[in-house]
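Per-entry structural report
Spelled out, the chains give:
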Amino acid sequence: MAKVNNEKGAALVLVLWIIVLFVVLGTILFAQLLTTSKQMVKQEEAAAETDIINMSAIYVSTYLKQHGGTEGITEKEMSSLVNNVPDSINIDDFTATLRPKLELDKNQIELTVIVSDKNDNKRTEVEYIPISR
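**Quick notes on the environment of L81**
Relative to the helices and strands, L81 is located in helix α2 (residues 75-83). On the accessibility criterion, L81 (11% relative accessible area) is buried. Sequence-wise, L81 and L64 are 17 residues apart; in three dimensions their C-alpha atoms are separated by 6.7 Å.

Okay, here's the thing in structure tokens:
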């Protein structure tokens, strides 16, 4: 068997394999970081939307308390108040559209909140606000 004494190209092959290995590992790491950052953005948006929905229910409840008077309120006045609740609230890059519906038989207000962001993605939730007569 003949022994190969010419090994001058072995270092080049080894360096090329190391470069390919670094490129593959870098691509995998970059893809994982990109996926993680997208998940974090989605999670932050969902948390902001949930907070806006909760704040909208508190806003409507506070609006009714402030405009209802201290001596109680009749059913007619309550429906007038519910109809006068502002239609939308703008918070940062989000718009919350409010659709309250008075349900006197259940002593509550059904509040449909539609939250849309700057990209016009929408999320709809229904909250129930109890009322006392």
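We are not done yet, so read on.
**A look at the pairing of strand β2 (residues 94-103)**
The pairing of strand β1 (residues 88-91) with β2 spans four bridges and is classified as antiparallel. Each bridged residue has a counterpart across the sheet, and for I89 the counterpart in β2 is A96. Linking two consecutive strands that pair antiparallel, namely β2 and strand β3 (residues 108-116), is a turn of four residues; a positive phi of about 55° is found at N107 within it.

**What to know about α2**
When α2 is considered as a whole, its buried residues turn out to be M78, L81 and V82. An end-on view of α2 places all buried positions within 95° of arc, on one side of the element. Facing away from the buried side of α2, by more than 90 degrees, are the exposed residues K76 and N83. Elements that come into contact with the buried residues of α2 comprise α1 (10-68), β2 and β3.

**Examining the sheet that holds β2**
By way of backbone hydrogen bonds, the strands of a sheet pair with one another, either parallel or antiparallel. On the basis of which strands lie adjacent, the open sheet formed by four strands has the order β1-β2-β3-β4 and antiparallel pairing. Two strands close off the open sheet at either side, each with one partner strand: β1 and β4 (122-130). This sheet shows a mean twist of 25° between the axes of neighbouring strands, independent of strand direction. Its contacts with the sheet put α2 on β2 and β3, and the angle it makes with β2 is roughly 165°.

**Considering the confidence of the model for the protein chain**
With 91% of its residues at a pLDDT of 70 or more, the protein chain has an overall mean of 86. Within the protein chain, no element has a lower average pLDDT than α2, which sits at 81, and none a higher one than α1, at 91.

**A word on the packing of aromatic side chains**
All chains considered together, the criterion is met by one aromatic pair. An angle of 35° between the planes, with centres 6.5 Å apart, marks the rings of Y59 and Y63 as tilted. Linking Y59 with Y63, this pair stays in helix α1, spanning four residues, or about one helical turn.

So, how was this worked out
Residue indices follow the written sequence of each chain, beginning from 1 at its first position. It should be noted that, the model being predicted, local features are given only for residues of pLDDT at least 70 and side-chain atom pairs only at 80 or more, the latter also being counted only at that level, while totals for whole chains, interfaces and linings use all residues. Excluding hydrogens and water, the side-chain values take into account all heavy atoms of the structure. Only DSSP runs of H or I covering at least 4 residues are called helices, and only runs of E covering at least 2 are called strands; the numbering of each starts at the N terminus. We call a residue buried when its accessible area falls under 20% of the maximum for its residue type, exposed when it is over 50%, and partly exposed in between, using a 1.4 Å probe and counting protein chains only. Strand pairing is assigned whenever DSSP detects at least two bridges linking the two strands. The directions considered for the arc are those from the helix axis to the C-beta atoms. Residue contacts follow a heavy-atom distance rule, with two residues in contact if any of their heavy atoms lie within 4.5 Å. All axes are obtained by fitting lines to C-alpha atoms, using only the stretch in contact for helices, and the reported angles, taken between N-to-C directions, cover 0 to 180 degrees. Residue-level confidence of the predictor is summarised by pLDDT, bounded by 0 at the bottom and 100 at the top. In this scheme Phe, Tyr and Trp rings, the latter by its six-membered ring, pair at centre separations within 6.5 Å, and the angle between planes marks the pair as stacked below 30 degrees, edge-to-face above 60, and tilted otherwise.

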